[in-house]
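These are the residues of each chain, in order.
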Amino acid sequence: QVQLVESGGGLVQVGGSLRLSCVASGRAEINYYMAWFRQAPGQERALVGVISRSRYTTVYADSVKGRFTISGDDKQTAVYLQMNALEPEDTAVYYCAAAERPTFSSDSSEYDYWGQGTQVTVSA
């Protein structure tokens, strides 16, 4: 069982930046396909982006392309979501998720492990 923990959320002004981190408990390796999802109040959980197990391939939702970047550390113990040029529409709880099987799916059921989420609020 993999326990994921997100951190780095907070309140930021429009146009600002935040970097979210996702680690496994005990700094265990997270050698999985890793995704970031977000859920705004009253909305369904939506895919932000996915990074492959090798960390060489990433895919992003159209709404964040060019603004958000997913990366991983060399030791495969952390995955990051760098968010730039933040907009009020980016306000949501952000979750990281891990998939044991290769996937870039936007279907949350494809992911096996989830963190508890971290709140990101972008003020106008």
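Whatever comes next refers back to the structure up there.
Residues numbered from 1 in each chain as written. Predicted model: local features only at pLDDT ≥ 70, side-chain atom pairs only at ≥ 80, totals over all residues. Heavy atoms only, no water.

(A) Structural view of the side chain of Arg67. Relative to the assigned elements, Arg67 resides in the loop between strand E6 (58–60) and strand E7 (68–72). For Arg67, a relative accessible area of 12% puts it in the buried group. With sequence-adjacent residues up to four places away left out, Arg67 is seen in contact with Gln82, Met83, Asn84, Ala85, Leu86, Glu87 and Asp90. (Helix = DSSP H or I, 4+ residues; strand = E, 2+ residues; numbered from the N terminus. Buried < 20%, exposed > 50% of the residue type's maximum accessible area, 1.4 Å probe, protein only. Contact = heavy atoms within 4.5 Å.)

(B) Structural view of the nonpolar core. If you look at the biggest cluster of nonpolar residues, it comprises 30 residues, and the most contacted ones within it are Leu4, Met34, Trp36, Leu81, Met83 and Tyr94. Secondary structure elements with two or more residues in this core: strand E3 (18–24), strand E4 (33–39), strand E5 (46–51), E7, strand E8 (78–83), strand E9 (92–99) and strand E11 (118–123). (Core = buried A, V, L, I, M, F, W, Y, C linked by side-chain atoms within 4.5 Å.)

(C) Spotlight on the pairing of strand E1 (residues 4–7). Only one face of E1 is covered, namely the one carrying Leu4 and Glu6; the face carrying Val5 and Ser7 has none of its residues buried. Two strands pair when backbone bridges link them, and E1 and E3 are joined in this way by four bridges, in the antiparallel orientation. Bridge pairing in E3 links Leu4 to Ala24. (Pairing = 2+ DSSP bridges.)

(D) Main features of the packing of aromatic side chains. Evaluation of the coordinates by the stated rule reveals six aromatic pairs. Each ring, one from Phe37 and one from Trp114, has its centre 5.0 Å from the other, and the planes form 50°; the classification is tilted. Separated by 77 residues along the polypeptide, Phe37 in strand E4 and Trp114 in strand E10 (residues 113–114) bring together distant segments of the chain. Measuring from centroid to centroid gives 6.4 Å for Tyr111 and Trp114, while their planes differ by 75°, and the two rings are edge-to-face. In textbook terms, an aromatic cluster arises when at least three aromatic residues are bridged by ring pairs, as seen for Phe37, Tyr95, Tyr111 and Trp114. The cationic tip of Arg45 hangs over the ring face of Tyr95; the distance from NZ or CZ to the ring centre is 3.8 Å. (Phe/Tyr/Trp six-rings, centres within 6.5 Å; stacked < 30°, edge-to-face > 60°. Lys NZ or Arg CZ within 6 Å of the ring centre and 35° of its normal.)

(E) How the structure looks around the sheet that holds E1. Spatially, E1-E3-E8-E7 is the arrangement adopted by the four strands of the open sheet, whose pairing is antiparallel. Edge positions in the sheet fall to E1 and E7, since each has one partner strand and no second. Neighbouring strand axes in the sheet, compared pairwise and without regard to direction, differ in orientation by 15° on average. Summarising the sheet, E7 and E8 pair through five bridges and their orientation is antiparallel. Note that in E8 the partner of Ile70 across the bridge is Leu81. (Axes fitted to C-alpha atoms, helices over the stretch in contact; angles between N-to-C directions.)

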